[in-house]
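Results of the structural survey
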Amino acid sequence: MADENLLKRYAELVIRVGANVKEGQDVVISAYVEQAPFVRALAEAAYEAGARYVAPQYADQFVKRQLILHGDDDVLEWSPPWELERLEYFNREGGASIFISGDPNPDVFADLDGVRVGKARAKALAERSLQITFEDKTINWTIAAYPNERWAEKIYGSKDVDRLWEDVAKAVRLDQADPVAAWQQHVERLRKRASQMTQRRFDALHFSGPGTDLTIGLTPGYNWGAGTLETASGIVHVPNMPTEEVFTAPDARRTEGTVRSTQPLATSGGVIVEGLQLRFEDGRVVEAKADKGQDVIQAQLDSDDGARRLGEVALVDGTSPVGQTGVTFFDTLFDENATCHIAYGGGLGFTRNADEDLPDGASNASSIHTDFMIGGPEVDVDGVDADGNAVPILRNEEWVLA
């Protein structure tokens, strides 16, 4: 287990660099009941940073299991009105939000009907949350993980929480002499890389490797982003801790070809998907296969019209400390920052370039946004210019774009 000093330093980093909580803000911390020790440390750090009020919001996976087993079909996607009102309060008041990852019960839904697991989410709440986060931009937020025994057991085959703390600390630069300065330097490097991608104005990206021959159309209507987001009121925050990616919203009409995941995917429903393969035609997923968890993926893809189109493409190179651990974390927050990934579902509207026109149909809206990993040493990534010329970007996970 982490000593009190490590937990305190981690909480301070999440509050002051991740969410960047400001004087007088209300803060909500969303966590599983098993993550309460981290919630308490975060609450202390938030109040020390000047928070007005800190509200823990706990979820229990075993209660959700009972919903999946016994709830009526029309209740699986129901959004409690009091939760919607809480969300609107934070939207009006400009609060801060912290989400804790690190699944304390990774296999709690493994034996249940995958279709019902995939549907068991508050759909209207998810849709409104995405709008507030990426369109209204009123909330400064972050996601950070709390190591625990069951998560460690899923990763290493043993309940080696000390080892997991070491890997998490490395991934979030908590092992650095000055973690805040290390984050500032890291974010600046990522933002320069994102600027480079925006300036190159590639018409498409092409991914090629075992099981993958995928072309993703791009548009100058979306910029590339990295590292930080900024609220409408000017609060700069780091939404993912760790973060190693440069990302954009693709042209949702122009994805073609096949892609195979290179790492397991931990879905929001708690099911691990392995061997995911998708085939795209005219921008839409027309075929989905998986060695494990296919029914969960199918339920997500059938959730609404935008679920079958891409909403994000992100590039990550081999300098990522997450990737350098050599660990599959079975947690999207970490695994998506180990290598390149794409997401089907809602688009990253906050990357919109107001100086450029956005073609009709190029944007994508959905109540879901599911990232999965498609990069690795055997996967080459090229930028395709307007004349159809391929320009190398990643080779053997090395950034080679000049």
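Residues numbered from 1 in each chain as written. Predicted model: local features only at pLDDT ≥ 70, side-chain atom pairs only at ≥ 80, totals over all residues. Heavy atoms only, no water.

A count of helical and extended segments in the chain gives 13 helices and 21 strands. Its C-alpha atoms give the chain a radius of gyration of 20 Å, within 12% of the compact-globule value 21 Å for 402 residues. Considered along the principal axes of its C-alpha atoms, the chain spans approximately 55 × 50 × 45 Å. Within the chain, buried positions represent 57% of all 402 residues. Within the chain, residue pairs in contact and separated by at least 24 positions form 76% of the contacts whose partners lie at least 6 positions apart. (Helix = DSSP H or I, 4+ residues; strand = E, 2+ residues; numbered from the N terminus. Rg over C-alpha atoms; globule rule 2.2 N^0.38 Å. Buried < 20%, exposed > 50% of the residue type's maximum accessible area, 1.4 Å probe, protein only. Contact = heavy atoms within 4.5 Å.)

Turning next to the packing of helix H1 (residues 4-19) against helix H2 (residues 36-48). Between H1 and H2, the shortest axis-to-axis distance is 8 Å and the interhelical angle comes to 55°. Here H2 runs oblique to H1, going by the angle between their axes. Remark: the crossing between H1 and H2 carries right-handed chirality. On H2, the residues that touch Leu7, Lys8, Tyr10, Ala11, Glu12, Val14, Ile15 and Arg16 of H1 are Pro37, Phe38, Ala41, Leu42, Glu44, Ala45, Ala46 and Glu48. Per-class residue counts for the contact of H1 with H2 are 11 nonpolar, no polar and 5 charged. (Axes fitted to C-alpha atoms, helices over the stretch in contact; angles between N-to-C directions. Parallel < 35°, antiparallel > 145°, perpendicular 65-115°, else oblique. Left-handed = near helix turned anticlockwise from the far one by under 90°. Nonpolar A, V, L, I, M, F, W, Y, C, P; charged D, E, K, R; others polar.)

A separate point is helix H11 (residues 294-301). Within the sequence span of H11, burial applies to Val296, Ile297, Ala299, Gln300 and Leu301. Next to the buried residues of H11 lie helix H6 (114-119), strand E12 (265-266), strand E13 (272-273), strand E15 (284-289), strand E17 (341-345) and strand E18 (369-373).

On to the sheet that holds E17. Spatial strand order, E7-E10-E16-E17-E18: 5 strands in an open sheet with antiparallel pairing. The open sheet has two free edges, formed respectively by strand E7 (225-226) and E18, since each of these has just one partner strand. Relative to E17, strand E16 (residues 310-315) runs antiparallel, the two sharing 4 bridges. By the bridge assignment, Glu312 is partnered in E17 with Ala343. (Pairing = 2+ DSSP bridges.)

Taken as a whole, this structure holds 26 salt bridges when the rule is applied. Notably, a salt bridge pairs Glu83 with Arg86, separated by 3.1 Å at the nearest N-O pair. Of this pair, Glu83 and Arg86 both sit in helix H5 (residues 81-93), 3 residues apart, which is roughly one turn of the helix. Overall, Arg86 belongs to the partly exposed group, its relative accessible area being 25%. Among the salt bridges present, the one from Glu356 reaches Arg201, with a minimum N-O distance of 3.0 Å. Of the two residues, Glu356 sits in the loop between E17 and E18 while Arg201 sits in the loop between helix H10 (179-200) and strand E5 (204-209), which places them 155 residues apart along the sequence. (Salt bridge = Lys/Arg side-chain N within 4 Å of Asp/Glu carboxyl O.)

Moving on, we come to the packing of H1 against H10. Close contact between H1 and H10 brings their axes to 11 Å; oriented N to C, the two are set at 40°. In terms of axis orientation, H1 runs oblique to H10. Both H1 and H10 take part in a crossing whose hand is right-handed. Note on element contacts: H10 touches H1 through Pro179, Val180 and Trp183, opposite Arg9, Leu13 and Val17.

So, about the nonpolar core. Within the largest apolar cluster, 54 residues are counted, with the highest numbers of intra-cluster contacts made by Tyr10, Phe38, Leu42 and Phe334. The biggest single contributor to this core is H1, with 9 residues. Residues Met197, Phe202, Val259 and Leu301 belong to the second largest nonpolar core, which totals 40 residues. (Core = buried A, V, L, I, M, F, W, Y, C linked by side-chain atoms within 4.5 Å.)

With that settled, the discussion passes to helix H8 (residues 149-156). Those residues of H8 not exposed but buried are Trp151, Ala152, Ile155 and Tyr156. All buried residues of H8 lie within an arc of 110° about the axis, which places them on one face of the element. Taken together, the buried residues of H8 touch strand E4 (140-145), helix H9 (161-171) and helix H13 (332-335). Structurally, the start of H8 carries an N-cap: the backbone nitrogen of Arg150 is 3.4 Å from a side-chain oxygen of Asn148. Following H8 by one or two positions, Gly157 adopts a phi angle in the positive range, close to 85°. (Arc of directions from axis to C-beta. Polar contact = N/O pair within 3.5 Å; in protein donor to acceptor, adjacent residues only side chain to side chain.)

With that out of the way, let us pick up the pairing of E4. Most of E4 is tucked away: 5 of the 6 residues are buried. In this structure, strand E3 (residues 96-101) lies alongside E4, joined through 6 bridges in parallel fashion. Bridging across to E4, Ala96 finds its partner in Asn140.

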